2 protein chains.
Amino acid sequence: MRLLLAEDEKEMSNALVAVLKHSNYSVDAVYDGLDAYNYGISENYDGMILDIMMPKMDGIEVLKKLREKGINTPVLLLTAKSQVSDRIEGLDSGADDYLTKPFAMGELLARIRAMTRRKTEFSPNDLTIGNITLSRETFDLKGPSGTQRLGSKEFQMLEMMMVNKNTLISTERFMERIWGYDSDAEINVVWVFISYLRKKLVSVGADVEIKAARGVGYTLAEKQK
Amino acid sequence: MRLLLAEDEKEMSNALVAVLKHSNYSVDAVYDGLDAYNYGISENYDGMILDIMMPKMDGIEVLKKLREKGINTPVLLLTAKSQVSDRIEGLDSGADDYLTKPFAMGELLARIRAMTRRKTEFSPNDLTIGNITLSRETFDLKGPSGTQRLGSKEFQMLEMMMVNKNTLISTERFMERIWGYDSDAEINVVWVFISYLRKKLVSVGADVEIKAARGVGYTLAEKQK
DNA sequence: GCTATACTTTAAAGTAATCTTAAAGTAGCA
DNA sequence: TGCTACTTTAAGATTACTTTAAAGTATAGC
């Protein structure tokens, strides 16, 4: 799960990023409303956390503009004021939830889970292609000859490929979506995980394979016989 | 037993929390309808006490929305008015009971007991999975090679896992449901109790085991042979 | 009200899974 | 043939979980 966090107070932001990463989210942090909008419009996120008070453009404004553009990523608003008017305006503008500062981290996590769950409720819990099934709940990859538990990175990569079956996914897209813009991981990480995935696919007896497209990226497709 | 109390008058709320905690309930207190809804939807409670007159969303509205979402936690409504119309609407909306202010604490406690009993009446007294049985009455865990008495925390954790056999339960969910939102216990408490439980499962000769899903949570499942 | 006991929590040290990097090997293509 | 892009392996660093021990709290029986 990839989240965008827009919060201008550095300390607050850093603390939140730490907690969110710990809870298995990939997080991109931005520090003003303009960046929030620019990042948000990429549709690379499963959820966004927007502070209302921010330089350049306030959170409600960002939200309105994104909704105008047809971006319906779930949004959780953070507000320092507990004023009802702000909240109502936020919810009217298409926010999915809001939280008043100060708040407990546990509550934030619960709200994020609820928010993204509502969204993903209709997307199936198990992905199936050929003779393999990937559980979004347990990260288990099942095939005719066994089950393998995938790590978080392996899971995210395979999930992307299964959702976009037969479609080419560029190495950069993997990096952006899974490691985030600000990651300094080498490109070669993607190659390594592709290798791990192929090994696990073979070990569960999959009839699908990951094909490389030289200079471009990877595709998941059923094996030819 | 975990209760949610939604009551906007601080003094009243504090008094109720004190009495309820004294009667061995874990209590989360919220002070408006929106929070009542947000907390209630987590399904972390064995019962909810909702004041009808509350800011942002009244108790009946909260109840209706929760029932719409399929949450059937028992609800006791508190009303200052003794108007019949309110009561009828409340009961129609899926409340299990109501109480008119002012009321005696003793009566409130009795109603809560009755309400939660009705609910748990139909859930079996013994949970069985594989070759182990957990008694909800005595907190005894029985297996082929012995019996172990579980502590309250151990019991609650194992109960959750047995009810949700083969389903992953996140560490956060354990924390929320057993320790509550406002607890400041470290996450590591969960790990410690998982360890105690595993030890007791082995000692009674269980053919089920608790599997960890790194970064996510735990699952109870029958052992592979 | 004291003491023994059981239960809960914290802390810390040990273990294992996962992630990242580096480096050596292989294949496609000019 | 040689360049580049990918593949694989292995080692190290990091993180997450497991276990143990000990300190803190609550409870029951005297």
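Our structure is the block above this text.
The paragraphs below set out a description of the structure included in this document. These numbers were taken from a predicted model, which means no experiment stands behind them.

Conventions we followed
Residues numbered from 1 in each chain as written. Chains lettered and ligands numbered in written order. Predicted model: local features only at pLDDT ≥ 70, side-chain atom pairs only at ≥ 80, totals over all residues. Heavy atoms only, no water. Buried < 20%, exposed > 50% of the residue type's maximum accessible area, 1.4 Å probe, protein only. Helix = DSSP H or I, 4+ residues; strand = E, 2+ residues; numbered from the N terminus. Near = heavy atom within 4 Å. Polar contact = N/O pair within 3.5 Å; in protein donor to acceptor, adjacent residues only side chain to side chain. Nonpolar A, V, L, I, M, F, W, Y, C, P; charged D, E, K, R; others polar. Pairing = 2+ DSSP bridges. Axes fitted to C-alpha atoms, helices over the stretch in contact; angles between N-to-C directions. Contact = heavy atoms within 4.5 Å. Right-handed = clockwise from strand over helix to strand, strands pointing away. Phe/Tyr/Trp six-rings, centres within 6.5 Å; stacked < 30°, edge-to-face > 60°. Lys NZ or Arg CZ within 6 Å of the ring centre and 35° of its normal.

**Digging into helix α7 (residues 171-179) of chain B**
Link 1 in the chain: Looking at α7 of chain B, one finds that the buried residues are Thr 171, Phe 174, Met 175, Glu 176, Ile 178 and Trp 179 of chain B.
Link 2 in the chain: Backbone geometry just after α7 of chain B places Gly 180 of chain B at a positive phi near 90°.

**Brief notes about the protein's contact with DNA strand D**
Link 1 in the chain: Neighbouring DNA strand D are 25 residues, the closest being Arg 198 and Gly 215 of chain A together with Arg 198, Gly 215 and Tyr 218 of chain B.
Link 2 in the chain: When atoms of DNA strand D within 4 Å of the protein are split into backbone and base, the sugar-phosphate part holds 63%.
Link 3 in the chain: Between DNA strand D and Gly 215 of chain A, the relevant distance is 2.4 Å, taken from a phosphate oxygen to a main-chain nitrogen or oxygen of the residue.
Link 4 in the chain: Between a phosphate oxygen of DNA strand D and a side-chain N or O atom of Lys 199 of chain B, the distance comes to 3.1 Å.
Link 5 in the chain: Looking at the surface near DNA strand D, the elements that each hand over two or more residues are α8 (188-203) and β11 (208-213) of chain A together with α8 (188-203) and β11 (208-213) of chain B.
Link 6 in the chain: Each residue belonging to the surface near DNA strand D can be placed in one class, and the counts come to 14 nonpolar, five polar and six charged.

**A look at the sheet that holds strand β9 (residues 146-149) of chain A**
Residues and elements named next belong to chain A.
Link 1 in the chain: With antiparallel pairing, four strands are arranged side by side in an open sheet as β6-β7-β8-β9. Looking at strand neighbours, the two that pair on one side only are β6 (126-129) and β9, the edges of this open sheet. Ignoring which end each strand starts from, the neighbouring axes of this sheet average 15° apart.
Link 2 in the chain: Along the sheet face, helix α6 (residues 152-163) touches β6, β7 (132-135), β8 (140-143) and β9 and points at about 125° away from the line of β7.
Link 3 in the chain: Strands in contact with α8 are β7, β8 and β9; relative to β9, the strand with the most contacts, it is inclined by about 155°.

**Focus on the pairing of strand β1 (residues 2-6) of chain B**
Residues and elements named next belong to chain B.
Link 1 in the chain: Most of β1 is tucked away, with five of its five residues classed as buried.
Link 2 in the chain: Side chains of β1 alternate between two faces, with Arg 2, Leu 4 and Ala 6 and Leu 3 and Leu 5 buried alike.
Link 3 in the chain: Across five bridges, the pairing between β1 and strand β2 (residues 26-30) is parallel. The partner of Ala 6 across the bridge, within β2, is Val 30.
Link 4 in the chain: In the classification by handedness, the crossover that spans β1, the intervening helix α1 (residues 10-22) and the parallel β2 is right-handed.
Link 5 in the chain: Where β1 and strand β3 (residues 47-51) come together, four bridges link them in parallel fashion. Opposite Leu 3, over in β3, you have Gly 47 as the bridge partner.

**So, the packing of aromatic side chains**
Centre distance and the angle of the planes are the two values used to describe a pair of aromatic rings.
All names here are of chain A.
Link 1 in the chain: Applying the stated criterion across every chain yields a total of six aromatic pairs over all chains.
Link 2 in the chain: Relative to Phe 155, the ring of Phe 139 lies with its centre 4.2 Å away and its plane at 0°, an arrangement referred to as stacked. Pair noted here: Phe 139 is in the loop between β7 and β8 and Phe 155 is in helix α6, with a separation of 16 residues, a long-range link. Phe 155 shares its class with Phe 139; the two are buried.
Link 3 in the chain: With a centroid separation of 5.7 Å and 90° between ring planes, the pair formed by Phe 193 and Tyr 196 is classed as edge-to-face. Here Phe 193 pairs with Tyr 196, and both are found in helix α8, just three residues apart, close to one helical turn.
Link 4 in the chain: Since its relative accessible area comes to 38%, Tyr 196 is described here as partly exposed.
Link 5 in the chain: Among the aromatic residues, those joined into a ring-pair cluster are Trp 179, Phe 193 and Tyr 196.
Link 6 in the chain: The ring of Tyr 31 carries the charged tip of Lys 10 above its face, separated from the ring centre by 4.6 Å.

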